[in-house]
Structure formats: C-alpha cells, structure tokens
Amino acid sequence: MTTDIDTTSSAPTPAPLLGLVPVLKQLRLSGLLDSLEVRNREAIENKLTYPEFLALMIQDEAARRDQKKYGLRLRRSGFRGDKTLEGFDFAFNPSINEAMVRELASCTFIDDHASVLIAGRCGTGKSHIAQAIGHVAVRQGVDVMFSSQTDLLRQLNAARATGGFERKMQTLVRVPLLIVDDFGLKPFKPGQDEDFHDLVAERYERAATIVYVIWNRRTSVLLSLYL
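The model shown is predicted, which means the values in this text are computed figures rather than measured ones.

1. Quick word on the nonpolar core
Taken as a class, soluble globular proteins show a tendency for nonpolar side chains to be buried jointly.
Part 1 of the reasoning: The biggest cluster of nonpolar side chains holds 28 residues, and the ones touching the most others in it are Phe109, Ile110, Val144, Leu177, Ile179 and Ile210.
Part 2 of the reasoning: Counting residues per element, the ones that place at least two in this core are helix 4 (98-104), helix 5 (108-111), strand 1 (115-120), helix 6 (126-139), strand 2 (144-148), strand 3 (177-181) and strand 4 (208-214).
Part 3 of the reasoning: Looking at this core, the element that brings in the most residues is helix 6, giving seven residues.
Part 4 of the reasoning: Not counting residues up to four positions away in its chain, the partners in contact with Val144 are Arg76, Ser77, Phe79, Gly134, Ala137, Val138, Val175, Leu177 and Ile179.
Part 5 of the reasoning: Leu156, Leu172, Phe183 and Val211 belong to the second-largest nonpolar core, a separate cluster that totals 17 residues.

2. Brief notes about the packing of aromatic side chains
Part 1 of the reasoning: In the structure shown here, the tally under the stated rule is six aromatic pairs.
Part 2 of the reasoning: Taking 6.1 Å as the distance between ring centres and 65° as the angle between the ring planes, the aromatic pair formed by Phe183 and Phe188 counts as edge-to-face.
Part 3 of the reasoning: Ring pairs connect the aromatic residues Phe88, Phe90 and Phe92, which therefore count as one cluster.
Part 4 of the reasoning: The lysine or arginine in question, Arg160, covers the ring of Phe165, its NZ or CZ lying 4.1 Å from the ring centre.

3. Overview of the layout of surface pockets
One way to see where empty space is left: roll a probe the size of a water molecule over the atoms.
Part 1 of the reasoning: Considering only enclosed or pocket space, the largest pocket measures out at about 290 Å³ in volume.
Part 2 of the reasoning: Lining the largest pocket are 16 residues; nearest its centre among them are Ile96, Val101, Ile118, Ala119 and Ile129.
Part 3 of the reasoning: At the level of elements, helix 4, strand 1 and helix 6 are the ones that each hand at least two residues to the lining of the largest pocket.
Part 4 of the reasoning: By residue number, the principal contributor to the lining of the largest pocket is strand 1, which donates five residues.
Part 5 of the reasoning: In the lining of the largest pocket, the residues fall into nine nonpolar, six polar and one charged.

Thresholds applied
- Residues numbered from 1 in each chain as written.
- Predicted model: local features only at pLDDT ≥ 70, side-chain atom pairs only at ≥ 80, totals over all residues.
- Heavy atoms only, no water.
- Core = buried A, V, L, I, M, F, W, Y, C linked by side-chain atoms within 4.5 Å.
- Buried < 20%, exposed > 50% of the residue type's maximum accessible area, 1.4 Å probe, protein only.
- Helix = DSSP H or I, 4+ residues; strand = E, 2+ residues; numbered from the N terminus.
- Contact = heavy atoms within 4.5 Å.
- Phe/Tyr/Trp six-rings, centres within 6.5 Å; stacked < 30°, edge-to-face > 60°.
- Lys NZ or Arg CZ within 6 Å of the ring centre and 35° of its normal.
- 1 Å grid on protein atoms, 1.4 Å probe; cavity = no way out; pocket = protein on both sides within 12 Å on 5 of 7 lines; lining within 4 Å.
- Points joined across faces, edges and corners; volume = space filled by probe spheres on them.
- Nonpolar A, V, L, I, M, F, W, Y, C, P; charged D, E, K, R; others polar.

Below is the structure:
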C-alpha cells in the first residue's frame, strides 16, 4: 500500500517521534525523518497495522536511496545536458532507424558487453541518441561515462605524466558503459592512437562501448584500424 506524501502540516510532532531522531541518525536512516511524521499521521487516520506502517517507511527509505544513487550516477556520467530518448524528435530525421534505437535503449547490449557505432553527418542526432541511451542505462542502475575522444585521451596522458597510467586505464576499462564523443574529429597526437587502441582492446567483450562519429573518409579509415 503506497500513497503520496503530503508534508504540509501544522500539528506538532509527537514526543515519541522526536525521540527517534537521534536513533535514526545513528543508524544512518535520517532520511526517514522526511516522511516519518506524515506516515505516522497517515497510519492513524487509515488505521494501518504496524506491518503496513513499517512497509511504507521501508518503501520511502528504499525510494530515497535509489534516487540518491541515481543522482550520483547521473553526475558522474558527464552528460552534456538532459538529452533523453523522450526528448528526441525522430521525425526531424526520417533516415534514423527508430526501432533499432529503441532496441539499443533496452540496454541488452550492455549485458552482452557489445560495442555500438553511431555514424552520420553533422547535426543528424548522433550525440543526442548516444546520450539518451546512456540516460536509460543510468536509470537502470548502470554506471556510465560520457567523454569526448579528446578529453578521454587527455586523461590518459595526464595519468601517464604522474605515473598513474595503468590505474587510469583499468578504471576506464571497468566502466560498464563508455560513450566516446566525436571520434576522429581531431587527429591523434603521437602515441594517442595506441592508447585508444589499447583501451578498446581491453574493453572488448568485457564492457559495452558506444562510439559516435561524423562519418567521412578519414574517420572510416580510423574505425577500420581501431574498432
């Protein structure tokens, strides 16, 4: 049994509930304080049993923790704005295979540790689709990292300069879903082609990767070499 929480109330907090405040904080359950008074009033008004009241409180805490984890995953992802599948207009580019995009949004390719290439001309929706799939993955509890090719290789180069290259590489390898933005848009600097190749090779059949590119002759050659 669940109901929406209405936190508007002018009634004083019962003393027994106030006594729970330090205990809940000690148990790291202080989030329950947000709904404790309201749920207590609801239990009295609806004559809920103790197990029903407890179930409501546990559901509130579970929902709060899930939302907190979701927010953390979303902040860590590095997405540029709120580009979701719900906000994508498939009608603006009829050449996009909507059925395939929605199949990718099921995120089964993540479980399969598969790689996905999204290629097309500039302004065709590649970035939005890639990030939208990433958003779906985050909602499903998957850790996602979104980064441009330039920033990704810059991170590896910085780690090499401080002696932490292998640690950084393994961190990137372990990300369940890595989304690489604008692959091949800028030429590789010396050594970066090997770093990118090593990253892709290490992730092969171990984690899922999405790479999207502005398709041209140079990027097609690069993809044949590194993906």
